Amino acid sequence: MIKHRAQDKNERGLSVMEKLKLDFYYGREAEQFTFYRLPKALITDACFKGMTNNAKLLYGLMLDRMSLSKKRG
């Protein structure tokens, strides 16, 4: 039998999702957040396997800065 982590109960009988009480955002509400772009190839392509996660994150940050610079001229 497969158990899902969200359904696992802790010692008080609360599931992880009940304990976290996360808010969900829908439609335009979700647009208030800013995200960094990270090419999927950095995660899935075997040639980037030896690259550290910090280096991949740094690439995403630098890509963001470059796009801001390009917008501002």
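Residues numbered from 1 in each chain as written. Predicted model: local features only at pLDDT ≥ 70, side-chain atom pairs only at ≥ 80, totals over all residues. Heavy atoms only, no water.

Asker: Any chance you could explain the side chain of Lys-56 here in plain terms?
Answerer: Its location among the elements puts Lys-56 in helix α3 (residues 53–72). The buried charged residue Lys-56 lacks any salt bridge, with Asp-45 as its nearest oppositely charged partner at 9.9 Å. (Helix = DSSP H or I, 4+ residues; strand = E, 2+ residues; numbered from the N terminus. Buried < 20%, exposed > 50% of the residue type's maximum accessible area, 1.4 Å probe, protein only. Lys, Arg positive; Asp, Glu negative; His and termini not counted. Salt bridge = Lys/Arg side-chain N within 4 Å of Asp/Glu carboxyl O.)

Asker: How should I be thinking about α3 in this particular structure?
Answerer: In an α-helix, one turn spans 3.6 residues; hence positions three or four apart end up facing the same way. Taking 1.5 Å of rise per residue, 20 residues should cover 28 Å, and α3 covers 29 Å from first to last C-alpha, within 8% of that figure. Restricting attention to buried positions, one finds in α3 the residues Lys-56, Gly-60 and Leu-63. Projected onto a plane normal to the axis of α3, the buried residues spread over an arc of 60° and lie on a single side. Looking at α3, the residues exposed on the side facing more than 90 degrees away from the buried face are Asn-54, Met-62 and Arg-72. Of the surrounding elements, those touching the buried residues of α3 are α2 (41–44). (Expected span 1.5 Å × (residues − 1). Arc of directions from axis to C-beta. Contact = heavy atoms within 4.5 Å.)

Asker: Please explain a nonpolar patch on the surface as it appears in this structure.
Answerer: Taken together, Tyr-36, Leu-57, Leu-58, Leu-61 and Met-62 make up a surface patch of nonpolar side chains, about 500 Å² in accessible area. The exposure class of Leu-58 is partly exposed, given its relative accessible area of 48%. (Patch = residues over 30% accessible without salt bridge, like charges linked within 9 Å, V, L, I, M, F, W, Y side chains within 5 Å. Areas by Shrake-Rupley, 256 points an atom, 1.4 Å probe, with all protein chains shown as cover.)

Asker: Explain the environment of Leu-58 here, please?
Answerer: Mapped onto the elements of the fold, Leu-58 is located in helix α3. Remark: the alpha-carbon pair of Leu-58 and Leu-38, spanning 20 residues in sequence, is separated by 9.6 Å.

By themselves, these observations are geometric and do not establish any function.
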